[in-house]
Amino acid sequence: MGSLGIASKSTLVCAPLMSQTVEQIATDMYRAKVQGADLVEVRLDYIKNFKPHQDLETILKKKPLPVLIVYRPKWEGGQYEGDEHSRLQTLNLAKELGADYIDFELKVASNHMEELKMNCHSGCKVIVSCYVNGMTPSEEYLSYLVANMQATRADIIKLVINATNITEITRIFHLLSHCQVPLIAYSVGERGLISQILCPKYGGFLVYGSMEGNSIPGLPTLASLRQAYKVDNIDADTTVFGLISKPVGHSKGPLLHNPTFTHVKYNAVYVPMFVDDLKDFFSAYSSPDFAGFSVGIPYKEAVIGFCDEVHPLAKEIGAANTIIRRPSDGKLVGYNTDCEASITAIEDALKQRGCTNGEATFNSPLAGKQFVLAGAGGAGRALAFGAKSRGAQLVIFDIDFDRANSLACAVSGEARPFEELVNFHPEKGAVLSNATPLGMHPNTDRIPVAEATLQDYQLVFDSVYTPRKTRLLKEAEAAGAIIVSGVEMFLRQAIGQFNLFTGREAPEEFMREIILAKF
């Protein structure tokens, strides 16, 4: 898929402006330029008490960067409810006053294109657009729509869908790769995020990014496009790595992996992928260009069934957090970098405090310790098998007791009902590990245990890393426990992933500096 559709020039970055006053739009244009936009899309239909000539002059007279004017009617998903003749007059006026791009809907352009092109002033480009509501049509029907837009002889065409599954985005990539005229194509919504980020790979004309403080679902920010994803560097040869998860909004992976790829001059991009169905996903994204994946909640166990091969450690754990598409044969190979990442983070924290034990059988400060584990999912399994390998004694709690019991049997531990964890009193010097989403942003006030019991633990580890210091860690620190943030585990597992993704040695110090600066 990635060898298709090489862009003739760099994809532009556009900031959509939907403020209700002309004064705010004028301010936002300058803010957008500072934040990295190449142009802005001004939505006239959002302006309250809009006065066409006066307001357009204000917007266009001192524009700091090129302006795309949109005046979207209700029937195409916009806010404008007036008569059609006045709307078209306003769009033509925008051209006369110096707009760089004007957007006309396909329905209008099919009937008025000759007039629109005749009235087009030098330097003003006509965009013909089509918004597809409801279910995403077949690739054939989308191609039919693109052909109709091309037939209008527009300078640029635009197609927008609302994908209900990330697999539908491949239709967008196919269109971008094969279109004969400049094309803007993407999906709105969280599942459509990669249609923006990967747009430059397939030759799209522009990508949208929201301004700081004006987040829009499915849109990356201008800052992330420029700084994290570095869209200027994405081309047809860029290798894609992604996080398979549901949800994906919490992920900090792009902030770590993308700058590291740039640092070592490796042409790749790491993107969040909101996945609803693993089977459909792996079927749709089978191109060698999609070379590897991180695996997050809730798929770390289920993904094992979709791997052609599984590394022995991941097989023993029954969970994978990393998948590589082997270049030689395209087979998917599953790995687990969570296990060593979490356990070494805990061990190192204990060693730094001079905590050792007298058991010579295991060279680990965890040997013989009671290891209390909250959560028996993918992350919990990695922790459990790591703790077992160090000689720890496990007590496992999970809301699904059968799942806790199954894991306990595999690691010679003890399973208990999750509701007992709140008042559970551990042995002296025990370790508590939270492998549940409790405490993750935005539900940051929740912890899996009673505060009064935290004084009984020597060390508390939280796999949650957003926020960096969770409420559980704050309370544990106040109670006198050693604390280990999920950020440390995240860094260590990411180092392991980077090695697998690239076949190179990860620049560990560089990655740690990013963690300290941005997490």
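Residues numbered from 1 in each chain as written. Predicted model: local features only at pLDDT ≥ 70, side-chain atom pairs only at ≥ 80, totals over all residues. Heavy atoms only, no water.

1. Some words on helix α3 (residues 84-96)
Turn by turn, an α-helix covers 3.6 residues, leaving residues three or four places apart pointing in a common direction. We apply this condition: Counting from the N terminus, the helices are DSSP H or I runs at least four residues long and the strands are E runs at least two residues long. A helix is expected to span 1.5 Å multiplied by its residue count minus one. Exposure classes here rest on a 1.4 Å probe applied to the protein chains alone. A residue is buried below 20% of its type maximum, exposed above 50%, and partly exposed in between. Two N or O atoms count as a polar contact when they lie within 3.5 Å, although within protein this holds only if one can serve as hydrogen donor and the other as acceptor, and sequence-adjacent residues are included solely when both atoms are side-chain atoms.
Compared with the 18 Å implied by 1.5 Å per residue over 13 residues, the 19 Å span of α3 between its first and last C-alpha is a close match. Along α3, the residues that are buried comprise Arg-87, Leu-88, Thr-90, Leu-91, Asn-92, Leu-93, Ala-94 and Lys-95. Looking at where α3 begins, the residue whose side-chain oxygen comes 3.2 Å from the main-chain nitrogen of His-85 is Asp-83. Just beyond α3, the residue with positive phi is Gly-98, at close to 110 degrees.

2. Some points on the sheet that holds strand β15 (residues 370-374)
To keep things clear, this is the line we draw: DSSP calls a pair of strands paired once it identifies at least 2 bridges connecting them. Axis geometry follows a simple rule: fit a line to the C-alpha atoms, using only the stretch in contact for helices, then measure angles between N-to-C directions, giving values from 0 to 180 degrees.
Spatial ordering of the open sheet is given by β17-β16-β15-β18-β19-β20, a layout of 6 strands whose pairing is parallel. In this open sheet, the two strands that pair with only one neighbour each are β17 (414-417) and β20 (482-484). Adjacent strand axes in the sheet meet at a mean angle of 20 degrees, parallel and antiparallel pairs treated alike. Relative to β17, strand β16 (residues 393-398) is paired through 4 bridges, and the arrangement is parallel. Residue pairing in the sheet places Asp-398 in a bridge with Pro-417 of β17.

3. A look at the packing of aromatic side chains
To describe a pair of aromatic rings, you give the distance between the ring centres and the angle between the ring planes. Heads up, the rule is: Side-chain rings of Phe, Tyr and Trp (the six-membered ring for Trp) are treated as a pair once their centres are within 6.5 Å; stacked means planes under 30 degrees apart, edge-to-face means over 60, and tilted covers the remaining angles. Charge-over-ring contacts are defined here by two conditions on Lys NZ or Arg CZ: a distance within 6 Å of the ring centre and an angle within 35 degrees of the ring normal.
Taken as a whole, this structure holds 21 aromatic pairs when the rule is applied. Relative to Phe-205, the ring of Tyr-101 has its centre 6.1 Å away and its plane inclined at 70 degrees; by these criteria the two rings are edge-to-face. Residue Tyr-101 is found in strand β4 (residues 101-105), and its partner Phe-205 is found in the loop between α7 (193-197) and β8 (206-208); the two are separated by 104 residues along the sequence. Given the relative accessible area of 12%, Phe-205 is considered buried. Measuring from ring centre to ring centre gives 5.8 Å for Phe-282 and Phe-293, while their planes differ by 80 degrees; the resulting arrangement is edge-to-face. Highlighted residues: Phe-282 in helix α10 (residues 278-284) and Phe-293 in strand β11 (residues 290-295), separated in sequence by 11 residues. Assessed through its relative accessible area of 10%, Phe-282 is described here as buried. By the ring-pair criterion, three or more aromatic residues cluster together here, those being Phe-241, Phe-261, Tyr-266, Tyr-270, Phe-498 and Phe-501. Positioned over the ring face of Trp-75 is Lys-107, at 4.8 Å from the centre of the ring. Positioned above the aromatic ring of Phe-519 is the side chain of Lys-252, whose terminal nitrogen or guanidinium carbon lies 5.1 Å from the ring centre.

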